[in-house]
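Results of the structural survey
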Amino acid sequence: MPVRAPISSYTPTPAPEGLQAELSVIVSEHIDATVDFLCKLSRYSHAIYYYQYKDMVVANSTTESIPKETVQEICQQVAHCAKGEQLDSESSIFETIQGVFEDSHDFAPESIYVVGNATASTESTLTIILCADKTQLIPVHMQTCLDEYILQRYSSLQMIIDSKTAYRQLADLEEINASRSKYFSIIAHDLRAPFHGILSCADILMHERATLDDEASLRLVEYINDTAQSTYSLLESLLNWAMAEGGRFHFKPVHFNVNDVVQSVVDLLNSSAFKKKIKLKCDVAGQLYAFGDVRMMTSVIQNLTSNALKFTNANADKEILICAQQDQNWVEIRIQDQGVGMTEMQREKLFQQDTIPSTQGTSGEKGTGLGLVLCKRFVENNGGTIAVESIKNQGTRFIVRIPVGSIDLV
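Moving on, we get to the overall build of the protein. Along the backbone of the protein there are nine helices and eleven strands. Taking all 410 residues of the protein together, 45% fall into the buried category. In the protein, the proportion of contacts linking residues at least 24 apart, taken out of those at least 6 apart, comes to 74%. As displayed, the protein has an accessible area near 20900 Å², and 51% of this comes from carbon and sulfur atoms.

Let us now look at the sheet that holds strand 11 (residues 395-403). On the basis of which strands lie adjacent, the open sheet formed by five strands has the order 6-8-9-11-10 and mixed pairing. Sheet topology places strand 6 (279-284) and strand 10 (385-391) at the edges, where each strand pairs with a single neighbour. The sheet shows a mean angle of 15° between the axes of neighbouring strands, taken without regard to direction. Here strand 8 (residues 319-327) pairs with strand 9 (residues 330-336) via seven bridges, running antiparallel. Considered in strand 9, the bridge of A324 is made with I333. Along the sheet, helix 6 (residues 258-275) makes contact with strand 6, strand 8 and strand 9, crossing strand 6 at roughly 175°. Along the sheet, helix 7 (residues 294-310) contacts strand 6, strand 8, strand 9, strand 10 and strand 11; its crossing angle with strand 11, the most-contacted strand, is approximately 175°.

So, about the side chain of K276. As for its position among the elements, K276 is in the loop between helix 6 and strand 6. Reaching out from K276, the side chain makes a polar contact with the backbone oxygen of T312 at a distance of 2.9 Å.

Before going further, it helps to examine the confidence of the model for the protein. Across the protein, the average pLDDT comes to 79, with 79% of residues at or above 70. Within the protein, strand 3 (residues 111-121) has the poorest average pLDDT of any element, 67, and strand 9 the best, 96. Ignoring residues within four places in sequence, the model shows residues 1-16, a span with pLDDT below 50, making 59 contacts including any to other chains.

Next up on the list: the packing of aromatic side chains. The full count for this structure, using the stated rule, is three aromatic pairs. For the ring pair Y223 and F274, a centre distance of 4.5 Å and an interplane angle of 20° mean the geometry is stacked. On the criterion of sequence distance, the pair formed by Y223 in helix 5 (residues 214-245) and F274 in helix 6 is long-range, its members being 51 residues apart.

Let us now look at the pattern of salt bridges. Throughout the structure, instances matching the rule amount to ten salt bridges. A salt bridge links R401 to D327; its shortest N-O distance comes to 2.9 Å. Of the two residues, R401 sits in strand 11 while D327 sits in strand 8, which places them 74 residues apart along the sequence. Residue classification places D327 among the partly exposed positions, given a relative accessible area of 31%. The partner of R401 in a salt bridge is E332, with the nearest N and O atoms 3.2 Å apart. Here R401, found in strand 11, pairs with E332, found in strand 9; they are 69 residues apart in sequence, far enough to count as distant. Assessed through its relative accessible area of 8%, E332 is described here as buried. Through salt bridges with shared partners, one network takes in D327, E332, R334 and R401.

Bringing unusual backbone geometry into the picture now. Backbone geometry places R43, a non-glycine residue, at a positive phi of 65°. Summarising the element assignment, R43 is placed in the loop between helix 1 (20-42) and strand 1 (46-53). Residue classification places R43 among the exposed residues on the basis of a relative accessible area of 69%. The phi dihedral of K277 is positive, around 55°, even though this residue is not glycine. Of note, K277 is situated in the loop between helix 6 and strand 6. Judged by its relative accessible area of 57%, K277 falls in the exposed class.

Here Q136 shows up in the loop between strand 4 (124-132) and helix 4 (140-207). For Q136, a relative accessible area of 19% corresponds to the buried category. Taking the C-alpha atoms as reference points, Q136 and S111, separated by 25 residues in sequence, lie 6.5 Å from one another. Excluding anything up to four places from it in sequence, Q136 contacts S42, R43, Y44 and S111.

On to the nonpolar core, then. Counting residues in each nonpolar core, the largest one holds 39 residues, and the members touching the most others are V258, V300, L304, I333, I386, F398 and V400. Only helix 6, strand 6, helix 7, strand 8, strand 9, helix 9 (371-381), strand 10 and strand 11 provide two or more residues apiece to this core. Residues within four places of V400 in sequence aside, it is in contact with M297, V300, L304, V331, E332, I333, V379, T385 and I386. Counting 27 residues, the second largest nonpolar core, distinct from the first, contains V58, L146, Y149 and L157.

Basis of the calculations
Along every chain, residues carry numbers that run from 1 in the direction the sequence is written. With the structure being a predicted model, the display of local features is reserved for residues of pLDDT at least 70 and the display and counting of side-chain atom pairs for 80 or more, all residues being used for whole-chain, interface and lining totals. With hydrogens and water set aside, each side-chain value is computed from the structure's full complement of heavy atoms. Comment: elements are numbered from the N terminus, with helices defined as DSSP H or I runs of at least four residues and strands as E runs of at least two. For each residue, the accessible area found with a 1.4 Å probe, counting protein chains only, is set against the maximum for its type, and the residue is called buried under 20%, exposed over 50%, and partly exposed in between. Contacts are assigned to residue pairs that have any heavy atoms within 4.5 Å of one another. Every accessible area reported is derived by Shrake-Rupley at a probe size of 1.4 Å, with residue values counting cover from the shown protein chains alone. The pairing criterion is simple: DSSP has to find at least two bridges between the two strands. For helices, the fitted axis covers only the stretch in contact; all axes are lines through C-alpha atoms, and the angles between them, taken along N-to-C directions, range from 0 to 180 degrees. Polar contacts, as counted here, are pairs of nitrogen or oxygen atoms within 3.5 Å of one another; within protein the pair requires one atom able to donate a hydrogen and one able to accept it, and residues that are adjacent in sequence qualify only if both atoms are side-chain atoms. Per residue, pLDDT captures the predictor's confidence, and it can take any value from 0 to 100. Working definition: a ring pair exists when centres of Phe, Tyr or Trp rings (six-membered ring for Trp) sit within 6.5 Å. Plane angles under 30 degrees give stacked, over 60 give edge-to-face, the rest tilted. What makes a salt bridge here is a side-chain nitrogen of Lys or Arg within 4 Å of a carboxyl oxygen of Asp or Glu, nothing more. Nonpolar cores are built from buried Ala, Val, Leu, Ile, Met, Phe, Trp, Tyr and Cys residues. Side-chain atoms within 4.5 Å join them into one set.

Given below as structure tokens:
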């Protein structure tokens, strides 16, 4: 019973994570069809096979009563001990195969034939052993045909694996590109509001300087300075995040003080509120802690507060309230405005990226249309929920719930 030398020098490429389950099904179907045809050509009634590709192992037999672990062990012995040699009825491996079939299938092979013993690389191995209940002699020309058939099937299997791997890698690259595009949309969205305040104050200083007294001018300069400092800090944080994460959204939860996050948002958006003569108020306990990704949650609160400013009329003695409290195992954060509100249809489509366009604010402010979609994604990444309550021409309240944290673990 000749044992064939390696039938292919093909070197497979690595399979990405999450693909092995799909590849295992493909490999099993491919080799099952191959083995079935080999049995018909050779007139060997039974077969076992073993295929290994990196960490993926597929072992099977024509009879389901033989455990896959046993098939794997036998084929590994054949691949390791019988390369380039012949196996006869006296060999321990032959006796092992006889015993396995006799115990599990009431069938004792009188001859076995290793029709495929392929080792393409240290990461890929294929062994196929055919078994017959009587001595079978396979002509030389038939052996050559079987070898050529196995070579073709083995090569086509590797091509299928490579194509599936390449397709998955392409899909991963497309996902990375999409994530990066959305990420930089966040940067644009988060920076737009504070820059509106800076530009507006600068414009007043440039064109209305003569009408301002020293106190008013100083107040504007202080707003520009404070907002520029806060905006620079935000930009630095966002860019560091982008560089560290390679454009992907990675969830890194910590226990953080909710009041610190809310106060940083208020400080950043105060100039925009000042411009529209809207009061920004916060009501958060100093020792209220949540568990989540600080950068994600800062972005969520900033986006929602920025939207509240955007859709609240200027010069109308209005206020926006950011409050937070603990509700059992949750921290509930509410952003309440006295703005233009929404219709029921607008609320239903609010978090759907493909159906809701960007809407101009009460003072013509522009947006990307992605802010609320990203807020929902970030909140859900933190294991929380986001809801909205709104009445047309009366105002809107966003309710964010995230897991409660602990000061002891900060």
